[in-house]
Amino acid sequence: MKDLRVKLITYGCQMNEYDTHLVASELAASGAALVETVAEANFVIVNTCAVRGKPVDKVKSLLGNLRKEKRERKTPFFIGMMGCLASLQEGRLIAEKFGVDVLLGAGAIHKISEAVSKVARENEAFWDSGFYPEVDELIPPPPRGLSAFVTLIRGCDHHCTYCVVPSTRGPEISRRPGLILKEVERLLAAGVVEVTLLGQNVNSYGKDDPSYPDFADLIRQVAALGVRRLRFVTSHPMNFSDRIISAIAETAAVGQYVHLPVQSGSDKVLKRMAREYRRDYYLERVEKLRRALPDLVLTTDIIVGFPGESEEDFQETLSLYDEVGFDSAYMFIYSPRPGTASAENFPDMPREVKVERLQRLIEKQKEWSLKRNRSWVGRSVEVLVRGVAKDDAWVEGHDQSNHPVLLEREGVSGPGLYRATIEQATPHLLLGRANERLLAPGERA
Ligand code: SF4
C-alpha cells in the first residue's frame, strides 16, 4: 500500500462520517497515505448516501468527474464507492456505468484494506455488498477534537414505506456492549468531551440479543464512564419507551435534548408511511418527555408531499407543529427511491405542490424556532467551541441542548468547553458571550 494516496469523500449522515473515519484509520494502518484533494490522490473513495434522490444525483455527478480523471490520467487511478448506495442494486448499476473499482456496501467496509490493495496490485475490481458481523468489531482510534461518534447499532427492523435503510443497512444488529464501552473509554482518555451514540434506530439497542442491556441501561453505563456530554441519534417513537425517558431524566450528561422524528401530523399519511403510530401516540410521548424534562429541546424530521398527502393532511402537520412547538426540524420534500413500497405503490405528486408546502412549513418552523430560541436569552449555557466563525468576530460551537451558538471572539482563547451567557437569538442560532473556559482540549472533565 505504500504508493497509495487515498482521498475519501463523504455524503450523508453521521453514521457515514463515522464509517469514513473507520475506513481512513484502516487504510492508514495498512500504509496508505490519506490526502486532501483528488489531484493528489491515485485512489478516490466516495462514501455514499441513498436516502433521497439528491445525494444520489451528487454521487453520480462526482463519479462522472472521477471517470473523466481516470481516462485522462497517464498513471493508474482508481475509484471506490462505499456506504448505503453501494448496498443497493441501483448503486451497482451506477458503479458499473462509471467504472468503479472497489464497491463495498455499508456492511462490508471492514474489507477496505483488502479491497484497495487487491485492486491496486492486480488491477481487478473488488465488489462486495454483503453484511458481515465483523464490521462491528473494529474500534477506530479517537478522532481529533472534542466530539466523537460511536456506532451502537446498524440497520433497522421497521419498514417505513419510503425508506431504503432496511435494504442498505440490513436488519438491526447491536454492537457488543463491551466494545462500545471500550471505545468510549478510549475517547475519554483522548480528551473527548462529547460522545454521540449512533444508529438508524438507537433506542432499539439490545432488542436482538437478550444478554445485552437495553438502550436505557446502556445510556447509564456509558455515562458512568465519565462522559461530560452524551447524545444519541436517531430514534423511532415506537421504541421510545418510558424506561428511556427515565434514563435521560436521571442522567445529567444527556441534557434535555431529544430528536424524535414524526414525519407527518396526519394519521392517514402516517399509515401510508407505515410509521406504526398515530398522531395521538406521538403527542403522548412528547407530553411524557416534557413532564420528565422541563427544559426539553425537541427537534424532529418531517417529510412534505408524501404521495396522497392532501391539503387537509398537510394542515394537520402544521397544527401538530403548533401543538408540539418544536425547537427545530429537518424538513424534506418526499423523493421516491427505487425499490421502496411508496415509490412502487403510490403515484408521486407535482413538485410545485411539494415545494409550496415546504415553504409554508419552513415559515412555521422559523416562527417556532425564534420563539423557542428567545426563551434562552439571558440564560447560562455550556458551549463546546469548535473554532472561529467565518467573519472572525465570532467563534462557533453548540450548547448542551444542541443549539448552534456563536460567541463573541473576545473572551474565547481557543477550542474547548465554555460557560457562556446567551444575549440574542435568531431562528437559526443563539448568540452570546463567554464567561469562563471550563475545559481545554486534552483536559479531563
Ligand atoms: S425507522 Fe427510520 S431507518 Fe427504519 S425504516 Fe423507518 S425511516 Fe427507515
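Residues numbered from 1 in each chain as written. Predicted model: local features only at pLDDT ≥ 70, side-chain atom pairs only at ≥ 80, totals over all residues.

## Digging into the overall build of the chain
Phase 1: Across its full length, the chain holds 13 helices and 19 strands.
Phase 2: Along the first, second and third principal axes, the C-alpha atoms of the chain reach 60 × 55 × 50 Å.
Phase 3: By the burial criterion, 43% of the 445 residues in the chain qualify as buried.
Phase 4: A separation of at least 24 residues holds for 72% of the contacts in the chain among residues at least 6 apart in sequence. (Helix = DSSP H or I, 4+ residues; strand = E, 2+ residues; numbered from the N terminus. Buried ≥ 20, exposed ≤ 12 C-beta atoms within 10 Å, placed from the backbone. Contact = placed C-beta atoms within 7 Å.)

## Points about the pairing of strand β16 (residues 394–399)
Phase 1: Where β16 meets strand β17 (residues 404–408), five bridges bridge the pair, whose relative direction is antiparallel. In the strand pairing of β17, His398 is matched with Pro404.
Phase 2: Remark: four residues form the turn of the hairpin made by β16 and β17, two consecutive strands paired antiparallel; Asn402 in that turn has positive phi of roughly 70 degrees. (Pairing = 2+ DSSP bridges.)

## A few points about the sheet that holds strand β14 (residues 328–333)
Phase 1: Strand order in the open sheet made by the three strands is β12-β13-β14, with parallel pairing throughout. Only two strands of the sheet have a single neighbouring strand rather than two, namely β12 (257–259) and β14. Neighbour-to-neighbour, the strand axes of the sheet open up by a mean angle of 10 degrees, direction not taken into account.
Phase 2: One ladder, built from six bridges, connects strand β13 (residues 297–304) with β14; its direction is parallel. Of the residues in β14, the one forming a bridge with Ile302 is Met331. (Axes fitted to C-alpha atoms, helices over the stretch in contact; angles between N-to-C directions.)

## Describing the packing of helix α7 (residues 215–224) against helix α8 (residues 242–250)
Any two packed helices are characterised by the angle at which their axes cross and by the distance between the axes.
Phase 1: Between α7 and α8, the least distance of the axes is 8 Å, while the angle of their chain directions is 15 degrees. When the axis of α7 is compared with that of α8, the two are roughly parallel. Crossing hand, α7 versus α8: right-handed. Each of Phe215, Ala216, Ile219 and Arg220 in α7 lies in contact with α8, whose residues at this interface are Arg243, Ile244, Ser246, Ala247 and Ile248.
Phase 2: In terms of residue class, the contact of α7 with α8 is made up of six nonpolar, one polar and two charged. (Parallel < 35°, antiparallel > 145°, perpendicular 65-115°, else oblique. Left-handed = near helix turned anticlockwise from the far one by under 90°. Nonpolar A, V, L, I, M, F, W, Y, C, P; charged D, E, K, R; others polar.)

## Quick notes on the domain arrangement of the chain
Phase 1: Along its sequence, the chain is carved into domain 1 (5–132), domain 2 (135–372) and domain 3 (380–439).
Phase 2: Taken together, the contacts link 23 residues of domain 1 with 19 residues of domain 2.
Phase 3: When contributions to the side of domain 1 that touches domain 2 are tallied by element, the ones reaching two or more residues are α1 (14–29) and α2 (53–72).
Phase 4: No other element matches α1, which puts seven residues into the side of domain 1 that touches domain 2.
Phase 5: Classifying every residue of the side of domain 1 that touches domain 2 by side-chain character gives 12 nonpolar, seven polar and four charged. (Domains from an automatic or database assignment.)

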